[in-house]
Amino acid sequence: CFLQQEPEGLQTGWKAIAPEALEQGRQKAKDLPEQLKSHGIEMLILGQSIIGRTVAPFPALVPPVVFSRGNHTLLELPGVAFAGSRNASPKGIEITVACVKQLVPQSVNIISGYANGVDLAAHQIALEQGGCTT
């Protein structure tokens, strides 16, 4: 439905977009890959990179673009994700450590965020054991 005239009192927040603004946006989009590359960031695009193959069993969860910095080939390894409480109990940390210690020798990529608790413990133990993390 297109309004010929905005009803009185209704404010959509939309403003007229000048052609110059559109052209500036196009130029920024064209420059983005080079800017990312200058910071060591790679754009992994679904269908053009390893992303789809890595998470093929869960296609609905695959984002169309992933930004990667570092060794993105780690995504080709089998991986196990850890998620847990930032206020993890000692038992929770103990279980995390035990699991990671079993996975690292099998060349499994340990995947997690960087929050305190389970996430950080998973990364730290993996690295201490000579494993890799994402």
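Now for a quick tour of the structure. (Residues numbered from 1 in each chain as written. Predicted model: local features only at pLDDT ≥ 70, side-chain atom pairs only at ≥ 80, totals over all residues. Heavy atoms only, no water.)

Okay, the side chain of Asp119 next. Locating Asp119 in the fold gives a position in helix H4 (residues 118-128). At 3.4 Å, the side chain of Asp119 and the side chain of Ser112 are in polar contact. Non-local contacts of Asp119, meaning those with residues more than four positions away in its chain, are made with Phe82, Ala83, Gly84, Ser112, Gly113 and Tyr114. (Helix = DSSP H or I, 4+ residues; strand = E, 2+ residues; numbered from the N terminus. Polar contact = N/O pair within 3.5 Å; in protein donor to acceptor, adjacent residues only side chain to side chain. Contact = heavy atoms within 4.5 Å.)

The next thing to look at is the pattern of salt bridges. A complete count under the given rule lists two salt bridges for this structure. With its nearest N and O atoms 3.6 Å apart, the salt bridge here joins Glu94 to Lys91. One end of the pair, Glu94, and the other, Lys91, are both in helix H3 (residues 90-103), three residues apart, so they sit about a helical turn from each other. (Salt bridge = Lys/Arg side-chain N within 4 Å of Asp/Glu carboxyl O.)

Listed in full, the 11 residues of the largest apolar core are Phe82, Val97, Val100, Leu103, Val104, Val108, Ile110, Val118, Ala122, Ile125 and Ala126. Contributing elements (two or more residues each) for this core: H3 and H4. With four residues, H4 is the largest single contributor of residues to this core. (Core = buried A, V, L, I, M, F, W, Y, C linked by side-chain atoms within 4.5 Å. Buried < 20%, exposed > 50% of the residue type's maximum accessible area, 1.4 Å probe, protein only.)

Scope: geometric values only; no functional claims are made or implied.
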